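# Reading the structure
For reference, the chains in residue letters:
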Amino acid sequence: RRAERDAVDRAYHWLREMNLADDANRLAGELPYGRQRRLEIARAMCTGPTLICLDEPAAGLNPSETRELSEVIQRLCTEHGQSVLVIEHDMALVMRISQHIVVLDHGEVISDGTPEHVANDPAVVAAYLGVSEEEVEA
């Protein structure tokens, strides 16, 4: 009974952290897509992970939902000390939430560093804009 009560308490804690407490008694499939994404994170956090991996968490979200998601990820890191690995193509989101970025192009690492370093790396600009590094540096 105690383990069950602790699990329920932990679940409600993470629902509150994800601003989903009002949805606690709704079916996950009834929730809007952005709330479903936050629910997935809450469920993962209930297991006490060392690292949480998010694969394309902003896919299909509108700008408002993406902004909420970035705030959730930042809170996980700053307030809860959670390590988060994000695989994402939304570069604005990546730049907003990341302390360290690794950029791949066709499976090869082309840049590795702070958001500022990556944003100014000619290899990254060339890969994402489709121009040569020489054109970027010119």
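The structure we're discussing is the one just above.
Residues numbered from 1 in each chain as written. Predicted model: local features only at pLDDT ≥ 70, side-chain atom pairs only at ≥ 80, totals over all residues. Heavy atoms only, no water.

### So, the nonpolar core
Ranked by internal contacts, the top residues of the largest apolar core, which has 19 residues, are W14, M18, I41, M45, L69 and L76. Those elements that provide at least two residues to this core are α1 (2-17), α2 (33-45), β1 (51-55), α3 (63-80) and α4 (91-97). In this view, M45 contacts W14, I52, L76 and Q82; residues no more than four positions away in its chain are not counted. With five residues, the next largest nonpolar core counts V94, I101, V103 and V118 among its residues. (Core = buried A, V, L, I, M, F, W, Y, C linked by side-chain atoms within 4.5 Å. Buried < 20%, exposed > 50% of the residue type's maximum accessible area, 1.4 Å probe, protein only. Helix = DSSP H or I, 4+ residues; strand = E, 2+ residues; numbered from the N terminus. Contact = heavy atoms within 4.5 Å.)

### Observations regarding the pairing of strand β4 (residues 108-113)
As paired elements, strand β3 (residues 101-105) and β4 share five bridges and run antiparallel to each other. Each residue of the ladder has a partner; that of V102, found in β4, is D112. Between β3 and the antiparallel strand that follows it, β4, lie two residues; H106 among them carries a positive phi value of about 55°. (Pairing = 2+ DSSP bridges.)

### Considering the environment of R67
Along the chain, R67 turns up in helix α3. With a relative accessible area of 44%, R67 lands in the partly exposed category. Distance from R67 to R96, taken between C-alpha atoms, is 9.5 Å for residues 29 residues apart in sequence.

### Comments concerning a nonpolar patch on the surface
Nonpolar side chains collect at one region of the surface, where L51, L85 and I87 lie side by side and expose about 260 Å² of accessible area between them. Following the sequence through the fold, L51 ends up in strand β1. Looking at L51, the relative accessible area reads 44%, which means it is partly exposed. (Patch = residues over 30% accessible without salt bridge, like charges linked within 9 Å, V, L, I, M, F, W, Y side chains within 5 Å. Areas by Shrake-Rupley, 256 points an atom, 1.4 Å probe, with all protein chains shown as cover. Salt bridge = Lys/Arg side-chain N within 4 Å of Asp/Glu carboxyl O.)

### As for helix α6 (residues 122-129)
Taken residue by residue, α6 has A123, V124 and A126 as its buried positions. Buried residues of α6, seen end-on, are gathered within an arc of 165° and therefore sit on one face of the element. Of the residues flanking the start of α6, the one acting as N-cap is D121, its side-chain oxygen 2.8 Å from the backbone nitrogen of A123. Positioned one or two residues after α6, G130 has a phi angle of 75°, which is positive. (Arc of directions from axis to C-beta. Polar contact = N/O pair within 3.5 Å; in protein donor to acceptor, adjacent residues only side chain to side chain.)

### A word on unusual backbone geometry
Positive phi, normally seen in glycine, also occurs at E56, with a value near 55°. Its place among the elements puts E56 in the loop between β1 and α3. Phi is positive for H106, close to 55°, though the residue is something other than glycine. Here H106 is to be found in the loop between β3 and β4.

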